[in-house]
Structures are given as structure tokens and as C-alpha cells.
Amino acid sequence: MVIDPGTGSLALAAGRIDAATSRADLRAMPVAAGARWDDMHTGWVHVELADATGTATFAVRLLFEGERLDGYRMWMLDPRFGTSWDDWSEEKQRAQQDAHDAWLIGLLGPGTRRPTPGGPELAYSLPWGEVWSAYDPRSGSSTIGVRFR
């Protein structure tokens, strides 16, 4: 799995998801098999993709406003960062953010640091949208975020 720096597209083993991918398009894609669809009852639908192979490095949640893909969130799947709420700690989530930062720096370059309530986040403003890596103290999780313009 990789983010295309030129477009923000998400390249997966089972297909490519980009800003033009609608909810209807996603339903027809093999990558949607086994996905969890959460209707937020606000006009938003979140779709968490399943890992059919059991070998994924990242989990992915797509965020649709109506039919339009607004962006996605992804996070590393690694037991070092916990496997359940029973195994959660802020220290593990901060380590996960550090790993996300390192992965993004390797892909997109140094980026900029901006302050947030959860501490500094790594951010990129690109012609097609934004990418960031942050720890969110409200949800107790670290994620990479991608939002299309």
C-alpha cells in the first residue's frame, strides 16, 4: 500500500482508490469485499477496508460525504502499538505516530510541524490536498490522514 505523492491516490494490492472514486465505484471493487460500512447518519459514510490476505501493513478507513470521497485515514498494524483497548497506552500510540512520521518522511520528504492539542503533527500541503500524521488525545489513536481538495 502506498500513497501516490502526485495525486493522493491509494494504491492497494486489490485496486486503486483516488479522489474520483465514488461510494458506488467502491462497492463494485474487489477491495470492498468484507469491508465494514458505517453510516454516520449525518451524510457521511465511513468504510473500513478488510485485509483479506492477513498481511496488511496498514488498516484504511475511507471517508465519504454522500457519494464523494473526502479522504481517508490509515494506521500501521503492528503489535508494538497494541492489538486492542486492553493493550492500549499513550506511549504505544506516540510510538505509532513516530513510525507514521518516519514512513511519510520517506515517501513525501520532511514536511512541516504544526501544533495541535495532541502535540505537534507532521503536515503536508500538496496541490491535490493535505496529508498529516497526528496523535488525537480524544480518540486515543494515531493516524495518517489524507484529505482531497
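Anyway, here's the lowdown on the structure attached to this text. (Residues numbered from 1 in each chain as written. Predicted model: local features only at pLDDT ≥ 70, side-chain atom pairs only at ≥ 80, totals over all residues. Heavy atoms only, no water.)

Topic: the overall build of the chain
The line we're drawing: Only DSSP runs of H or I reaching four residues or more are called helices, and only runs of E reaching two or more are called strands; each is numbered from the N terminus. In this setup the radius of gyration rests on C-alpha atoms only. A globule is expected at 2.2 Å times the number of residues raised to 0.38. The buried label goes to any residue with under 20% of its type's maximum accessible area, the exposed label to any with over 50%, and the partly exposed label to all in between, with areas taken from a 1.4 Å probe on protein chains only. The contact rule is simple, with two residues in contact once any of their heavy atoms fall within 4.5 Å.
Counting its secondary structure elements, the chain contains two helices and 11 strands. Written out in order from the N terminus, the α and β elements of the chain read β-β-β-α-β-β-β-β-α-β-β-β-β. For 149 residues, the compact-globule formula gives about 15 Å, and the C-alpha radius of gyration of the chain, at 15 Å, lands near that figure. Based on the C-alpha atoms only, the size of the chain along its principal axes is roughly 40 × 40 × 30 Å. Scored against the burial criterion, the 149 residues of the chain give a buried share of 42%. Partitioning the intrachain contacts of the chain with sequence separation of at least 6 by distance along the chain shows that 39% fall at a separation of at least 24.

Some thoughts on the packing of aromatic side chains
Spelled out, the test is: Pairing of aromatic rings covers Phe, Tyr and Trp, the last counted by its six-membered ring, and requires centre-to-centre distances within 6.5 Å; plane angles under 30 degrees mean stacked, over 60 mean edge-to-face, and any other angle means tilted. We call a charge positioned above a ring when the Lys NZ or Arg CZ atom is no farther than 6 Å from the ring centre and deviates by at most 35 degrees from the ring normal.
A complete count under the given rule lists four aromatic pairs for this structure. With a centroid separation of 6.2 Å and an interplanar angle of 40°, the aromatic rings of Trp 85 and Trp 88 are classed as tilted. For Trp 85, a relative accessible area of 62% translates into the label exposed. An aromatic cluster of three or more residues is present, and its members are Tyr 72, Trp 128 and Phe 148. Positioned above the aromatic ring of Trp 37, the side-chain terminus of Arg 27 is 3.9 Å from the ring centre.

Quick look at the sheet that holds strand 11 (residues 141-148)
Where we set the bar: Pairs of strands are assigned from DSSP output, requiring at least two bridges between the strands. Inter-axis angles, ranging from 0 to 180 degrees, are taken between N-to-C directions of lines fitted to C-alpha atoms, where helices are fitted over the stretch in contact.
The eight strands lie next to each other as 4-5-6-7-11-10-9-8, forming an open sheet whose pairing is antiparallel. If you trace the sheet from one side to the other, it starts and ends with strand 4 (36-39) and strand 8 (112-114), each paired once. When the angles between neighbouring strand axes are averaged without regard to direction, this sheet yields 25°. For strand 9 (residues 121-126) and strand 10 (residues 129-136), the ladder comprises five bridges, and the chain directions are antiparallel. Residue pairing in the sheet places Leu 122 in a bridge with Ser 133 of strand 10. Against the sheet, helix 2 (residues 90-108) engages strand 6 (58-65), strand 7 (68-76), strand 8, strand 9, strand 10 and strand 11, with an angle of about 160° to strand 10.

Regarding the sheet that holds strand 3 (residues 15-17)
Pairing is antiparallel in the open sheet, where three strands are placed in the order 1-2-3. The outermost strands of the open sheet, each flanked by one partner alone, are strand 1 (2-3) and strand 3. Bridge count between strand 2 (residues 10-12) and strand 3: three bridges; the pairing is antiparallel. Bridging across to strand 3, Ala 11 finds its partner in Arg 16.

What about the environment of Arg 73?
We apply this condition: As used in this structure description, the phrase polar contact means that two N or O atoms lie within 3.5 Å; if the pair is within protein, one of them must be able to donate a hydrogen and the other to accept it, and residues adjacent in sequence are counted only when both atoms belong to side chains.
With respect to the helices, strands and loops of the structure, Arg 73 is situated in strand 7. C-alpha separation for the pair Arg 73 and Thr 143, spaced 70 residues apart in sequence, amounts to 6.3 Å. There is a polar contact of 3.4 Å between the side chain of Arg 73 and the backbone oxygen of Val 146.

Quick look at the pairing of strand 4
Of the pairings in the sheet, the one linking strand 4 to strand 5 (residues 44-48) comprises four bridges and is antiparallel in character. Residue pairing across strands places Arg 36 opposite Glu 48, the latter belonging to strand 5.

As for unusual backbone geometry
When glycine is set aside, most residues are seen to have a negative phi, and most peptide bonds are trans. The backbone phi angle of His 41 is positive, close to 60°, even though this residue is not glycine. Counting through the fold element by element, His 41 comes out in the loop between strand 4 and strand 5. Relative accessible area serves as the criterion here: at 69%, His 41 is assigned to the exposed category.

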